[in-house]
Amino acid sequence: MTTDGAALLRERGIQVTAQRLAVLRAVAGQPHITADAVAEIVRTEIGAISLQSVYDALGLLVSEGLIRRIQPSGSAARFEDRVGDNHHHLICRACGRVVDVDCATGSAPCLTAVDDRGYEIDEAEVAYWGRCPDCLEEARTTPPTDAKSNPRSNNRRARRSSRG
Ligand SMILES: [Zn+2]
Ligand SMILES: [Zn+2]
């Protein structure tokens, strides 16, 4: 994304700060990033920043519509700068990898519920759960083993119990 982050912030009347710019850049550079990962990147860029400040910046950018927050069940919230197109997500149950997938039949038809029951709907979130190609491949090439009888994990346990 080549859009100027500072210009984006100014457009919405948001005060431009180094922290907000760094957070925006981190999300743009790594779609579906977690707040923890954003904090790590921002720290290497501009130095110390508290996790709370990262959350505050992310929250502001989400409420201003500059980034989108998705919350796959059982996973930390993730952030992306691809907004406004109602795209969906493929989520791997094994490794948690998230990838974008366009709306199944064109532009945001999922907003049209069969019966909206009086709700004014502004967003539909669709997540396809399964296993990513890498995890599928790994499952195919790794013969199923009983974790309890794995000699390597026995070794680790033995080493840890040698204290006193
Ligand atoms: Zn996977
Ligand atoms: Zn996405």
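Provided above is the structure to which this section pertains.
Residues numbered from 1 in each chain as written. Chains lettered and ligands numbered in written order. Predicted model: local features only at pLDDT ≥ 70, side-chain atom pairs only at ≥ 80, totals over all residues. Heavy atoms only, no water.

Asks: Would you mind going over the coordination of the zinc ion (ligand 2) with me for this structure?
Replies: Ideal geometry at a metal centre: 109.5 degrees between donors when four sit tetrahedrally, and 90 or 180 degrees when six sit octahedrally. Coordination of the zinc ion (ligand 2) by the protein comes from His32 (NE2), Glu80 (OE), His87 (NE2), His89 (NE2) and Asp100 (OD), over a distance range of 1.8 to 2.2 Å. One chain supplies every donor for the zinc ion (ligand 2), spaced along it as H-x47-E-x6-H-x1-H-x10-D. Within this pair, whereas histidine 32 is found in the loop between α2 (18-29) and β1 (33-34), its partner aspartate 100 is found in strand β5 (residues 98-101), the two being separated by 68 residues in sequence. When its relative accessible area of 7% is taken as the criterion, histidine 32 is described as buried. (Donors = N, O, S within 2.8 Å, 3.2 Å for Na, K, Ca; no water. Helix = DSSP H or I, 4+ residues; strand = E, 2+ residues; numbered from the N terminus. Buried < 20%, exposed > 50% of the residue type's maximum accessible area, 1.4 Å probe, protein only.)

Asks: I would appreciate a short explanation of the sheet that holds strand β2 (residues 68-70) in the present structure.
Replies: Think of a sheet as strands paired side by side through backbone hydrogen bonds, with each pair either parallel or antiparallel. Overall, antiparallel pairing links the three strands, which are arranged β1-β3-β2 in an open sheet. Each of the sheet's edge strands pairs with one partner strand only, and the pair in question is β1 and β2. By the bridge criterion, three bridges tie β2 to strand β3 (residues 78-80) in an arrangement that is antiparallel. Considered in β3, the bridge of arginine 69 is made with phenylalanine 79. (Pairing = 2+ DSSP bridges.)

None of the figures reported here should be taken as evidence of function without further support.
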